[in-house]
Amino acid sequence: MPGVLPEGEAVPVDGSLPATATRAVGARGFGVYVHVPFCASRCGYCDFNTYTADELGGGASRESYADTVLAELALAGRVLGDTPPPRVDTVFVGGGTPTLLPADDLARILDGIDRTWGLAADAEVTTEANPESVTPESLKTLRAAGYTRISLGMQSAAPGVLAVLDRRHSAGRATAAAAEARDAGFDHVNLDLIYGTPGESAEDFAASLDQVVAAGVDHVSAYALIVEDGTRLAARMRRGELPYPSDDVAADRYLAAEAALGAAGFSWYEVSNWARTPAGRCRHNLLYWTGADWWGLGPGAHSHVGGVRWWNVKHPSAYAKRLAAGESPGLAREVLTPGEAHMEDVMLRLRLDSGLPLDVLDAPGRAGAERAVAGGLLDPAGYAAGRAVLTLRGRLLADAVVRDLLP
């Protein structure tokens, strides 16, 4: 969750939504996102809305955090009281490092979601975790509480790369944690990789991919390093201590990931995500990418219901203070125009292996799609079937393809 929030109109004190937004809540799926803003230390590349113990200040603590989230959940239940979603299809607990909270607190939050709206019988329930923040015992507690999926931040298997990124875990800890998660009963385990870190060699990344495949996980996310302003990594690059990432190197790493993961039985389903089977795909993220509804709990969390998007105050203390006063923690919101909704639909759905129906494009957009087919960026067979589907080369240039399809 990026640390910088956009601007928008004020959110009502009671958090109420326009009637037009709540007429069909969850018709395209409904998820709950829970943001846990705590980290043991700040990684040098991270600009997410996270806080170490020294940065929290008064009015917020890990010990009281679950109760504060449950207070926002109670407010959410009131807001959607007359028009509740038919069920909660997915829950995703992200951060920060959610597993810095006691496993019992994460279990209480999940139980609160179930009591408020009801979890679907086959609900996907994910928590993110840093490898050093879980134990076999905590993983068993989470699995028994109903968590079905865990996403571990591996980033790299190379000690030098981990050091540049300021990661705390050792090179082998992520794959060991993945094995512990499987032993605890998690059928769905993801490992996150970052590629293109200064100093990372092709051999380093190949070794990371080898370890991921050997770990037996069913999902892999791999992202190019993005240098965000205000981070320690950006400062080091400005001082000349580290070189800036190379787009050519990032493209080479992506092709290496596709080759290694494809050979191991993984298939891409979103530009930066691969799964061994359809059941291994992250259904919560698919809700985001296909324009469904979700409620975001926690400081800085974003929500979307019926074309209305809003975001909470950033700091945990301000978040807790508003809820203690019985007020919505919402900072601001926006009502998406048809044009904005169309732009986001094209941007997000094009990144999926299912692609984008050509009939949602206007005439210039369809002409752009035709050019993209000729340029090898869109699949000819998909185009003939009425869909814009990225080729491997198109995945490397996805942003350029999006620009060609939009007005």
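For the structure, check the block above.
Bear in mind that the values here come from a model prediction, so they are computed numbers and not experimental data. (Residues numbered from 1 in each chain as written. Predicted model: local features only at pLDDT ≥ 70, side-chain atom pairs only at ≥ 80, totals over all residues. Heavy atoms only, no water.)

S.K.: What should I look at first to understand the overall build of the chain in this one?
M.R.: Broken down by element type, the chain carries 16 helices and 14 strands. At 21 Å, the chain has a C-alpha radius of gyration in line with the 22 Å of a compact globule built from 407 residues. Along the longest, intermediate and shortest principal axes, the C-alpha atoms of the chain span 55 × 50 × 45 Å. With 407 residues in all, the chain has 53% of them scored as buried. Nonlocal contacts in the chain, meaning residues at least 24 apart in sequence, comprise 73% of its contacts between residues at least 6 apart. Here the chain displays about 16800 Å² of accessible surface, and carbon together with sulfur accounts for 54% of that area. The chain carries 36 positive and 51 negative side-chain charges, and their two centres are separated by 1 Å. (Helix = DSSP H or I, 4+ residues; strand = E, 2+ residues; numbered from the N terminus. Rg over C-alpha atoms; globule rule 2.2 N^0.38 Å. Buried < 20%, exposed > 50% of the residue type's maximum accessible area, 1.4 Å probe, protein only. Contact = heavy atoms within 4.5 Å. Areas by Shrake-Rupley, 256 points an atom, 1.4 Å probe, with all protein chains shown as cover. Lys, Arg positive; Asp, Glu negative; His and termini not counted. Charge placed at Lys NZ, Arg CZ, Asp CG, Glu CD.)

S.K.: Looking at this structure, I do not really get unusual backbone geometry. What am I missing?
M.R.: In terms of backbone geometry, most residues other than glycine have negative phi values and most peptide bonds are trans. In this model, Gly 95 is joined to Gly 96 through a cis peptide bond whose omega is 15°. With respect to the element layout, Gly 96 can be found in the loop between strand S2 (88–95) and helix H3 (103–117). Phi angles above zero are rare outside glycine, and Gln 155 is one such case at about 70°. By the secondary structure assignment, Gln 155 is in strand S4 (residues 149–155). Residues other than glycine seldom take positive phi values, yet Asp 166 does so here, at roughly 65°. Along the polypeptide, Asp 166 turns up in the loop between helix H5 (159–164) and helix H6 (173–183). Overall, the relative accessible area of 27% leaves Asp 166 in the partly exposed class.

S.K.: Explain the packing of aromatic side chains to me, please; I cannot follow it from the model alone.
M.R.: Scanning the entire structure with this criterion turns up 10 aromatic pairs. Between Phe 38 and Tyr 65 the ring centres are 5.1 Å apart and the planes differ by 80°, which places this aromatic pair in the edge-to-face class. With a gap of 27 residues between them, Phe 38 in the loop between strand S1 (30–36) and helix H1 (53–56) and Tyr 65 in helix H2 (residues 62–79) connect regions that are remote in the sequence. Judged by its relative accessible area of 1%, Phe 38 falls in the buried class. Given a relative accessible area of 3%, Tyr 65 falls into the buried group. (Phe/Tyr/Trp six-rings, centres within 6.5 Å; stacked < 30°, edge-to-face > 60°.)

S.K.: Explanation requested: the pattern of salt bridges in the structure shown.
M.R.: Proximity of charged atoms lets side chains of opposite charge pair with each other. Inspection of every chain in the model, using the stated rule, returns 17 salt bridges. The residue Glu 344 makes a salt bridge to Arg 309 at a minimum N-O spacing of 2.8 Å. Placement of the pair is Glu 344 in helix H12 (residues 338–349) and Arg 309 in strand S11 (residues 308–312), with a sequence separation of 35 residues. Classification of Glu 344 by relative accessible area gives partly exposed; the value is 24%. You can call Arg 309 buried: its relative accessible area is 15%. Residues participating in the shared-partner salt-bridge network are Asp 67, Asp 105 and Arg 108. (Salt bridge = Lys/Arg side-chain N within 4 Å of Asp/Glu carboxyl O.)

S.K.: Is there a simple way to think about the environment of Arg 366 in this case?
M.R.: Mapped onto the elements of the fold, Arg 366 is located in helix H13 (residues 363–374). Separated by 97 residues in sequence, Arg 366 and Tyr 269 place their C-alpha atoms 23 Å apart. Setting aside anything within four residues of it in sequence, one finds Arg 366 in contact with Leu 358, Leu 361 and Tyr 383.

S.K.: What am I meant to see in the nonpolar core here?
M.R.: As a rule of thumb, nonpolar side chains are buried together in soluble globular proteins. Counting residues in hydrophobic clusters, the biggest one holds 92 residues, and the most contacted among them are Val 32, Trp 117, Phe 186, Val 217, Trp 295, Leu 378 and Leu 405. The biggest single contributor to this core is H2, with seven residues. Beyond its immediate sequence surroundings of up to four residues, Val 217 is in contact with Ala 178, Val 189, Leu 191, Val 212, Phe 266 and Arg 276. Membership of the second largest hydrophobic core comes to 12 residues, among which are Val 164, Ile 194, Leu 225 and Met 237. (Core = buried A, V, L, I, M, F, W, Y, C linked by side-chain atoms within 4.5 Å.)

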